Each structure stands twice: as C-alpha cells, then as structure tokens.
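# Fold and contact review
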Amino acid sequence: MSISDAEQLFQEFGGEENIHTIALHAPTHHTPGGIPYLQLPGVVVLARPQVDLAGLSGFLNGFDSALRFPQYLDDPTQLPDSAQLCKIAGQVCYMSFGPGRTLNAQAKRYFDNLKSSGHGSVLEHANFSFLFYGISRSVTHELVRHRSGFSFSQLSQRYVSGRMLRFVERPEYRNEQQLHQQFMHRIERAAEEYNALTHHLLEMQQAGVDILSAEARTDLRKKVQQCARSVLPNETEAPIVVTANVRAWRHFIEMRASSHAEIEIRELAVRVFLCLRTSDPILFGDYALEQLSDSTYSVKTPFQKV
Ligand SMILES: Cc1cc2nc3c(=O)[nH]c(=O)nc-3n(C[C@H](O)[C@H](O)[C@H](O)COP(=O)(O)OP(=O)(O)OC[C@H]3O[C@@H](n4cnc5c(N)ncnc54)[C@H](O)[C@@H]3O)c2cc1C
C-alpha cells in the first residue's frame, strides 16, 4: 500500500477547482437500448462558508486598547474561510485576540491540538453542502444513517417520473465483460418493467380503481409511481443534496472512507474527502490516502472522532 497525494488524486479523478466551483463530475453512459447509467459518484460542492472578518472590529475595539485586540484583523496569513470561521470560534472561547494568540500561520498546529484533545465542537460552525449523483439507492440508504449534524434532500421516487430514471454500475461490474453485459441487460429490463407497470397502473387509475384514486393531480401521479417503484433495483440512481458541518463530515470520512466500508460508499467518501481537502487543507489536511490491493483508495487520520 502506498500513500498517495490528495491533490494529485483530485486531478487524476478530473477534479474541477476554481473560485466558484469544486467538483468531481461523472459522465453518463447509455446501454445499447438507450438506458442511461453512471459508473462513478458525481460530487459537487454547492456551498461553503464565507467569513466576514471585518465584522469583528466593532467587538474587538470595545476592549482596553492595551490588549491590542484589533490586531487580530491584520493577520497577514489568509486561511480558508471554513478554517478561519472555526478558529474565530475557538479563539472567542479564551478571548485570544491579542499578540499572544496563535497566528494564522500556525493554524495547522492550532487545529491539530484541538483535534487531538477532542474539542471538535468548534468544527461544527463550518458547513459544507454537496450534491451527490451517480450513487445508488443502496449508497444513500447507508448515507442517511448519519444523523448527527447532517441534513438530506433526496430525489423522490414517488414524485419524479421514469423519464429521469438512471442507474449506477457497481465497481465490480465495470471491468468484467460478462457482469457488465448482465448489468446492462438488467437495467434495460428494469426500466422496461417500470414503464410497463406505470402504464398498466395508469390504465387502472383511469378505470376508477379505488386504491389508485386521489383528488389532486400530483397525488394521482404519486399513487402510480409509489407503486411502480417497487420493481426498481438497488442500483437505481438516487441523487441527493447533503449538508453537514465539518465535525460530521470528518466522522463520515472516517467511517465510510475506511477500508472496512462498502466499496461504492467508499468511492463516494474518498471523493468527498478530496473536495473538502481541496477547499480547506487546514481542517482536512491531517488525512492520508492509501491505495488498497484492489486499487481503490481509503483515507486515515491519527485524529479520530474529534
Ligand atoms: C463498515 C460498516 C458496517 C456497518 N454495518 C451495519 C449493519 O450491519 N447494520 C446496521 O444497521 N448499520 C451498519 N452500519 C451503520 C452504522 O451502524 C451507523 O449507523 C452509521 O455508520 C452511522 O454512524 P454513527 O451512528 O456513528 O453516525 P452519526 O449518526 O452521524 O452519529 C455521530 C456520532 O454521534 C453520536 N450519536 C448519534 N446519535 C446518537 C444517539 N442516539 N445516542 C448517543 N450518541 C449518538 C455517536 O457518538 C455517533 O458516533 C455500518 C457502518 C459501517 C461503516
């Protein structure tokens, strides 16, 4: 197993990084019969913290001038906004704004101390929102088990019609000809069965069958789709928006980018780590990537569950 460099892997995975965007996109493929599928998780940072440091001045100016608190605003080292936000939160605790404080240049040491002593609550101030796509319903079932500090909004299989149906190919099938062919046949059959069932249920609804009736138009559609989805496999794509704070993302990475995690969610968690590490190398700089014998990656840190 070799330790790989996060920046290099982000580039290798086709990472997009500019002032507005951090993302690892995933292309859509089609079966010979035209059914869309994806082979990798798409991970897009939708939102990250933005700090108004100058907003502190009215507060810092209100103390004894000998304390020289306003100096805090002149720190020459700029931090990622998420690290700056958590550092302000930590430094408010001890009113560490004067010349004796830890400067931004020593932010890594500051956060290493905090992580090693388990004072993770200051990391809860910084939130990151992601869009995940190209992940299966089995991955989202595992993902939504993370309760603390997480919020989820997932595609509704009751509301969304079959026109948006896509599937996700497991890593084990991608490079094995027979399993890949079987996957393509299976999703073509699943899409066909879903469409045929929807059609039949609609006919029953139009004929006035009680269990499929509803007063509102959208409820009519839901009544059909909530039934038809029963034939969709675990490998159906389930796009989801997930917001969590840094403490919660760290726990997610430790659990799900570990070598013990299921491979598909591990592929997702490694990509989440790469995007977070790109956005904030201070808060996520303590992790090391390892390539496993199956050529996938895992992530480890000496500071667990801060
Ligand atoms: C390799 C692996 C295998 C797994 N296998 C299974 C399985 O076979 N069956 C299964 O059901 N699940 C399984 N899981 C899911 C696992 O049990 C957790 O539900 C999931 O990983 C979320 O972890 P968490 O509860 O620590 O995270 P979160 O829900 O995000 O919670 C974070 C932390 O907050 C604290 N916390 C949260 N809620 C409470 C609470 N109610 N009371 C006290 N403290 C709380 C805990 O310290 C917790 O670790 C597996 C997970 C992994 C990584």
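The residue numbering used here restarts from 1 in each chain and proceeds along that chain's sequence as written. Local features in this predicted model are restricted to residues of pLDDT 70 or higher, and side-chain atom pairs are both shown and tallied only at a pLDDT of 80 or more, whereas totals for entire chains, interfaces and linings draw on every residue.

## Observations regarding the sheet that holds strand E10 (residues 240-245)
- As summarised here, the arrangement of the six strands in space is E2-E3-E6-E7-E10-E8, forming an open sheet in which the pairing is antiparallel. A single partner strand is all that each edge strand has here, and the edge strands are strand E2 (16-17) and strand E8 (150-154).
- When DSSP finds at least two bridges between two strands, those strands are taken to pair. The secondary structure listing takes helices from DSSP runs of H or I that are at least 4 residues long and strands from runs of E that are at least 2 residues long, numbered from the N terminus. Where E2 lies against strand E3 (residues 22-24), two bridges are found, and the strand directions are antiparallel. By the bridge assignment for E3, Glu17 is matched with Ile22.
- Against the sheet, helix H10 (residues 263-279) contacts E2, E3, strand E6 (42-47) and strand E7 (127-133), and its axis sits at roughly 155° relative to E3. Residue pairs are scored as contacts if the distance between their C-beta atoms, which are placed from the backbone, is within 7 Å. Helix axes are fitted to C-alpha atoms over the stretch in contact, other axes to C-alpha atoms as well, and angles between N-to-C directions run from 0 to 180 degrees.

## Overview of helix H9 (residues 246-256)
- Counting other C-beta atoms within 10 Å of its own, a residue is labelled buried from 20 upward, exposed at 12 or fewer, and partly exposed in the gap between, with every C-beta atom placed from the backbone. With respect to burial, H9 is a largely interior element, nine of its 11 residues being buried.
- Looking only at H9, the buried set comprises Val246, Arg247, Ala248, Trp249, Arg250, Phe252, Ile253, Glu254 and Arg256.
- Each element contacted by the buried residues of H9 is listed here: helix H3 (81-93), E7, E8, E10, H10 and strand E12 (297-300).

## A few points about the packing of helix H7 (residues 177-206) against helix H8 (residues 217-228)
- One can describe the packing of H7 onto H8 by two numbers: an axis separation of 9 Å at closest approach and a directional angle of 140°. By the angle between their directions, the pair H7 and H8 is classed as oblique. Viewed along their axes, H7 and H8 form a crossing whose handedness is right-handed. Taking contact as the criterion, the partners of Tyr194, Leu197, Thr198, Leu201, Leu202 and Gln205 in H7 are, on H8, Leu220, Lys223, Val224, Cys227 and Ala228. Working definition: roughly parallel below 35 degrees, roughly antiparallel above 145 degrees, roughly perpendicular at 65 to 115 degrees, and oblique for all remaining angles. For any helix crossing, the convention is left-handed if the near helix is rotated counterclockwise from the far helix by under a right angle, and right-handed if that rotation is clockwise.

## Quick word on the pairing of E7
- Relative to E7, E6 is paired through five bridges, and the arrangement is antiparallel. Within E7, the residue paired with Val44 across the bridge is Leu131.
- Summarising the sheet, E7 and E10 pair through six bridges and their orientation is antiparallel. Note on E10: the bridge partner recorded for Asn127 is Asn245.

## Re the site of the ligand
- Using a C-beta atom placed from the backbone, a residue is scored as near a molecule or strand whenever that atom is within 6 Å of it. As a structural note, the neighbourhood of the ligand is formed by Arg145, His146, Arg147, Ser148, Ala248, His251, Met255, Arg256, His260 and Ala261.
- Gly is put with the polar residues, along with every residue not named as nonpolar or charged; the nonpolar set is Ala, Val, Leu, Ile, Met, Phe, Trp, Tyr, Cys and Pro, and the charged set is Asp, Glu, Lys and Arg. Within the shell around the ligand, the residues separate by chemical class into three nonpolar, four polar and three charged.

## Some details on the domain arrangement of the protein chain
- With domains assigned, the protein chain is organised as domain 1 (3-48 + 126-170 + 235-300) and domain 2 (53-124).
- Where each domain starts and ends follows an automatic or database-derived domain assignment. On a C-alpha basis, the centres of domain 1 and domain 2 stand 31 Å from each other.
- By residue number, the principal contributor to the side of domain 1 that touches domain 2 is H9, which donates three residues.
- Split into classes, the residues belonging to the side of domain 1 that touches domain 2 amount to four nonpolar, four polar and five charged.

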